[in-house]
Each structure stands twice: as structure tokens, then as C-alpha cells.
Amino acid sequence: MDGEFTGIDLFTWATPNGRKVSIMLEELELPYRVYPIDITKGDQLNPDFVAFSPNNKIPAIIDHDTGLKMMESGAILMYLAHKTGKLMASVGEDFWRQMEWLMFQMGHIGPMLGQTHHFIKFNPGKAPYAEERYSKENARLYQVLENRLQDKEYIVDEYSIVDIATWPWISRYEFQKMDLNNYPRLKRWYLKIADRPAVRKGYAVPQDIPIPTPD
Ligand SMILES: N[C@@H](CCC(=O)N[C@@H](CS)C(=O)NCC(=O)O)C(=O)O
């Protein structure tokens with residue numbers, strides 16, 4: 001049973017941060033088991049989960065191969081890339097460029113777009129100042145990515161953990177009331193990644209919801 005399984009246990013929900021890790025596991029073709037943590041019902045506060053995810057958020061993993069238990073999606077992506085030697089450059093300029101854009105995702109794209117979801121999608125009309133602030137910031141961040149993709153297929157040249165970390169947040173463009181047609185390079189990047197079989201499989205964890213497709 002547990003003693004024989006040497007893959008990864010993934011504790012997740014159908015959100016951008018959760019999908020980063022299921023997409024990564026699909027890309028790497030690592031064996032994994034899914035444990036849905038329903039954050040709408042408070043599963044993330046269960047002490048058994050908080051024991052290895054002390055910020056009580058998904059995603060988190062347990063690697064039965066190494067015994068490592070870990071929270072924070074960016075750290076998990078780096079761990080899995082390091083474990084397999086895939087989807088992250090080895091130390092050198094490309095590696096640091098990937099770290100730069102991974103930190104940009106973790107520090108800006110995730111937290112700011114998360115606030116857009118909170119105020120614009122789930123609580124419209126309650127806080128006009130916050131709606132204006134986060135929709136402007138959302139558009140500004142889309143433009144940063146649009147500029148970055150001007151002469152690049154992926155955010156840091158090769159497809160990497162940076163794209164995997166960023167893509168699920170852009171897949172929520174409808175929640176953010178953003179029109180991808182105003183960002184043609186970002187739209188091209190989005191559609192190209194959406195077409196990857198591993199992305200389609202990882203997106204469907206833990207619930208099979210269709211990937212949004214812009215007109
Ligand atoms: N920086 C964390 C953020 C994780 C996060 O915000 N997870 C959300 C879902 S996307 C969550 O678990 N929310 C539950 C809660 O806030 O109680 C990461 O990237 O893993």
C-alpha cells in the first residue's frame with residue numbers, strides 16, 4: 001500500500017495554483033495520487049493537512065520517494081524540475097532568467113490576479129476602489145507579459161516551469177474580465193500551451209472543467 005507507492009501525493013483543488021502542480025506532474029509523467037482539498041468547505045484547515053501545509057493553502061505534495069512534504073507551488077515546481085532534470089535550466093544565465101520570471105509570477109501574477117478574482121468575479125459592487133485598483137493592475141501585468149512575448153515563443157525561450165506557473169492564471173481571463181484579443185502575443189502563447197496534452201490532463205485535476213478558449 002503506502003509503503004509500495006514511491007510517487008507523489010498531490011493535495012489540490014481546481015484553482016490556478018493547484019493546476020500548476022498537476023500540469024507539471026503530467027508533463028513529467030511522474031506517478032501521482034490526487035487528494036482533493038475542497039477549499040470552499042474548509043478542508044485546508046484540517047490539522048492533518050496543516051501539519052505539512054502550515055499556511056493552510058493548496059497545493060502541497062508528499063513525495064514518497066524521498067519523504068519530502070512541501071507547500072508553495074513555486075517551490076514544488078522547482079523541486080520536481082530538480083528531481084527529474086526537466087523543465088528548468090541548470091544553473092547559469094537561463095536558470096536565473098527563469099527564477100526572475102518565476103518570482104514575477106509568484107510575487108505579482110498570482111497575488112494580484114487572485115485579488116481581481118476576489119473583488120471583480122466574486123464580490124462585484126462591494127469595493128469600487130479595489131475593483132479599479134486590481135483591474136488596472138491586472139491589465140498592466142498582462143501588458144508586461146505581452147511585451148515579454150514580443151520576440152519569444154515562451155516566457156524564457158524554452159517551455160519551462162515559468163510557463164507552467166503563469167499559464168493557469170491567464171486561463172482565468174474570464175474571471176478577470178480580460179479580453180485576450182487585446183494581447184495577441186499572450187493569446188498565441190496561451191493557445192499554444194493549452195494545446196499540450198499534459199496541460200489538458202493536468203487542468204482536469206481534480207475536476208474536469210473545460211479549458212477556456214478565447215474567440
Ligand atoms: N503562494 C501560494 C498560494 C496558494 C494559494 O493561495 N492557494 C489558494 C488556492 S489557489 C488556497 O489554498 N486558498 C485557501 C484559503 O485561502 O483558505 C502558492 O503558490 O502555493
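Preceding block: the structure.
Conventions used here
Residue positions are given per chain, counting from 1 as you read along its sequence in written order. With pLDDT at 70 or above as the cut-off, local features in this predicted model cover only qualifying residues; side-chain atom pairs require 80 or more to be listed or tallied, and sums for whole chains, interfaces and linings still use all residues. Fitted lines through C-alpha atoms serve as axes, helices being fitted only where they are in contact, and the angles separating the N-to-C directions of these axes extend from 0 to 180 degrees. Secondary structure is summarised from DSSP: a helix means a run of H or I of at least four residues, a strand means a run of E of at least two, and numbering begins at the N terminus for each. Reported orientations rely on four angle classes, namely roughly parallel under 35 degrees, roughly antiparallel over 145, roughly perpendicular from 65 to 115, and oblique for the rest. Here a crossing is taken to be left-handed if its near helix is turned anticlockwise relative to the far helix by less than a right angle, and right-handed if that turn runs clockwise. Note on contacts: each residue gets a C-beta atom placed from the backbone, and two residues are in contact if those atoms are within 7 Å. Following DSSP output, two strands are said to pair if at least two bridges run between them. For each residue, a C-beta atom is placed from the backbone, and the residue counts as near a molecule or strand when that atom lies within 6 Å of it. For this classification, Asp, Glu, Lys and Arg are treated as charged, while Ala, Val, Leu, Ile, Met, Phe, Trp, Tyr, Cys and Pro are nonpolar and the rest, including Gly, are polar. Note on burial: count the other C-beta atoms lying within 10 Å of the residue's C-beta; 20 or more is buried, 12 or fewer is exposed, in between is partly exposed, and C-beta positions come from the backbone. If you view a crossover with the strands going away from you and the path from the first strand over the helix to the second runs clockwise, you call it right-handed. What a helix is expected to span follows from its residue count: subtract one and scale by 1.5 Å. Here the arc refers to the directions that run from the helix axis out to each C-beta atom.

Novice: When you look at the packing of helix α4 (residues 93-122) against helix α6 (residues 161-170) in this model, what are you seeing that I'm missing?
Specialist: For any two helices packed against each other, one specifies the crossing angle of their axes together with the interaxial distance. For the pair α4 and α6, interaxial distance at closest approach is 9 Å and the crossing angle is 15°. Viewed along their axes, α4 and α6 adopt a mutual orientation that is roughly parallel. The interaxial crossing formed by α4 with α6 has left-handed handedness. Facing α4, whose interface residues are Q98, W101, L102, Q105, I109, G110 and L113, α6 presents I161, V162, A165, T166 and W169.

Novice: Please clarify how the sheet that holds strand β3 (residues 60-63) should be interpreted in this entry.
Specialist: In sheet architecture, strand pairing relies on hydrogen bonds along the backbone and comes in two forms, parallel and antiparallel. Overall, mixed pairing links the four strands, which are arranged β2-β1-β3-β4 in an open sheet. Either end of the sheet is taken by a strand with one partner, and the two such strands are β2 (32-36) and β4 (69-71). Going across the sheet, the axis of each strand differs from the next one's by a mean of 20°, ignoring polarity. In this structure, strand β1 (residues 8-12) lies alongside β3, joined through four bridges in antiparallel fashion. Bridging across to β3, D9 finds its partner in I62.

Novice: Is there a simple way to explain the site of the ligand in this structure?
Specialist: The full set close to the ligand counts 13 residues, and T15, N17, I39, K57 and S73 are the nearest of them. When contributions to the shell around the ligand are tallied by element, the ones reaching two or more residues are α1 (16-28) and α3 (73-84). Along the lines of polarity and charge, the residues of the shell around the ligand split into four nonpolar, seven polar and two charged.

Novice: Explain the pairing of β1 to me, please; I cannot follow it from the model alone.
Specialist: Two faces belong to every sheet, and in a regular strand the side chains alternate between them. For β1, the buried fraction is high: four of the five residues fall into the buried class. The pairing of β1 with β2 spans five bridges and is parallel. By the bridge assignment, I8 is partnered in β2 with Y32. Handedness of the crossover is the feature at issue here: the chain leaves β1, passes through α1, returns alongside β2, and the resulting connection is right-handed.

Novice: Explain unusual backbone geometry here, please?
Specialist: As a rule of thumb, non-glycine residues mostly have phi less than zero, and peptide bonds are mostly trans rather than cis. With an omega dihedral of 0°, the bond running from I58 to P59 counts as a cis peptide bond. Inspection of the secondary structure puts P59 in the loop between α2 (47-50) and β3. The omega torsion of the bond from V205 to P206 falls at -5°, within 30 degrees of zero and hence cis. Even without being glycine, E29 reaches a positive phi, approximately 55°. Along the chain, E29 turns up in the loop between α1 and β2.

Novice: What is the right way to look at the packing of α1 against α6 in this model?
Specialist: Axis separation between α1 and α6 bottoms out at 8 Å; the angle between their running directions is 140°. It follows from the interaxial angle that α1 and α6 lie oblique. As α1 packs across α6, the resulting crossing turns out to be right-handed. Across from P16, R19, K20, I23, M24 and E27 in α1, the residues of α6 making contact are I161, I164, A165, P168 and W169. Grouping the constituent residues of the contact of α1 with α6 by class yields eight nonpolar, no polar and three charged.

Novice: Help me out: how do you make sense of α3 in this one?
Specialist: Each α-helix winds once per 3.6 residues, and so residues spaced three or four apart point in a common direction. Compared with an ideal rise of 1.5 Å per residue, which puts twelve residues at 16 Å, α3 spans 17 Å between its outermost C-alpha atoms and is within 8% of the ideal. Taken residue by residue, α3 has S73, I76, L77, L80 and A81 as its buried positions. Seen along its axis, α3 keeps its buried residues to an arc of 130°; they face one direction. The secondary structure elements touched by the buried residues of α3 are α1, β3, β4 and α6. Residue G85 follows α3 closely and has a positive phi angle near 70°.

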